[in-house]
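The chain contents come next:
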Amino acid sequence: MSETQGAGVPLTDAELRTALTAMHHGLLNMQARLDDHQQVLEKLMLVMQDLTAGKVPNGFRQPPKNAN
């Protein structure tokens, strides 16, 4: 069974292997980025929980009290 590119030009095994390897590396990179984004979202959720509970989130400082 032959894979094709463009207008029906058959891919060699080496070209197909190269293309699949590149796609695999791209998917691994996207997975790593998704994992990073998930960690950021989890931290934001913790900040939102603290703010909702009226607490100062970890890593933030209490804002100064107004003298009014």
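About the cut-offs
- Residues numbered from 1 in each chain as written.
- Predicted model: local features only at pLDDT ≥ 70, side-chain atom pairs only at ≥ 80, totals over all residues.
- Heavy atoms only, no water.
- Helix = DSSP H or I, 4+ residues; strand = E, 2+ residues; numbered from the N terminus.
- Buried < 20%, exposed > 50% of the residue type's maximum accessible area, 1.4 Å probe, protein only.
- Areas by Shrake-Rupley, 256 points an atom, 1.4 Å probe, with all protein chains shown as cover.
- Patch = residues over 30% accessible without salt bridge, like charges linked within 9 Å, V, L, I, M, F, W, Y side chains within 5 Å.
- Salt bridge = Lys/Arg side-chain N within 4 Å of Asp/Glu carboxyl O.
- Expected span 1.5 Å × (residues − 1).
- pLDDT = per-residue confidence, 0-100.
- Contact = heavy atoms within 4.5 Å.

### As for the overall build of the protein
Line of reasoning, step 1. Along the protein, the regular secondary structure elements total 1 helix and 2 strands.
Line of reasoning, step 2. Burial statistics for the protein: of 68 residues in total, 4% are counted as buried.
Line of reasoning, step 3. Accessible area for the protein stands at about 6400 Å²; split by element, carbon and sulfur atoms hold 60% of it.

### A few points about a nonpolar patch on the surface
Line of reasoning, step 1. The grouping of Val40, Leu41 and Leu44 at the surface amounts to a nonpolar patch, some 280 Å² of accessible area in total.
Line of reasoning, step 2. As for its placement among the helices and strands, Leu41 is situated in helix H1 (residues 13-52).
Line of reasoning, step 3. In this structure Leu41 comes out as exposed when scored by relative accessible area, which is 53%.

### Some remarks on H1
Residues spaced three or four apart along an α-helix face the same direction, because each turn holds 3.6 residues.
Line of reasoning, step 1. In this model H1 runs 57 Å from its N-terminal to its C-terminal C-alpha over 40 residues, within 8% of the 58 Å that 1.5 Å per residue would give.
Line of reasoning, step 2. Gly54 lies just past H1 and shows a positive phi near 80°.

### Thoughts on the pattern of salt bridges
Line of reasoning, step 1. Applying the stated criterion across every chain, the model contains 1 salt bridge.
Line of reasoning, step 2. A salt bridge links Lys55 to Asp50, with the nearest nitrogen and oxygen atoms 3.7 Å apart.
Line of reasoning, step 3. Given a relative accessible area of 19%, Asp50 falls into the buried group.

### Section: the confidence of the model for the protein
Line of reasoning, step 1. When pLDDT is averaged along the protein, the result is 87, and 87% of the positions lie at 70 or above.
Line of reasoning, step 2. Predicted confidence in the protein is weakest over strand S1 (residues 4-5), with a mean pLDDT of 54, and strongest over H1, with 96.

### A look at the side chain of Asp50
Line of reasoning, step 1. You can see Asp50 is positioned in helix H1.
Line of reasoning, step 2. Every residue in contact with Asp50, bar those within four places of it in the chain, is listed here: Lys55, Val56, Pro57 and Asn58.

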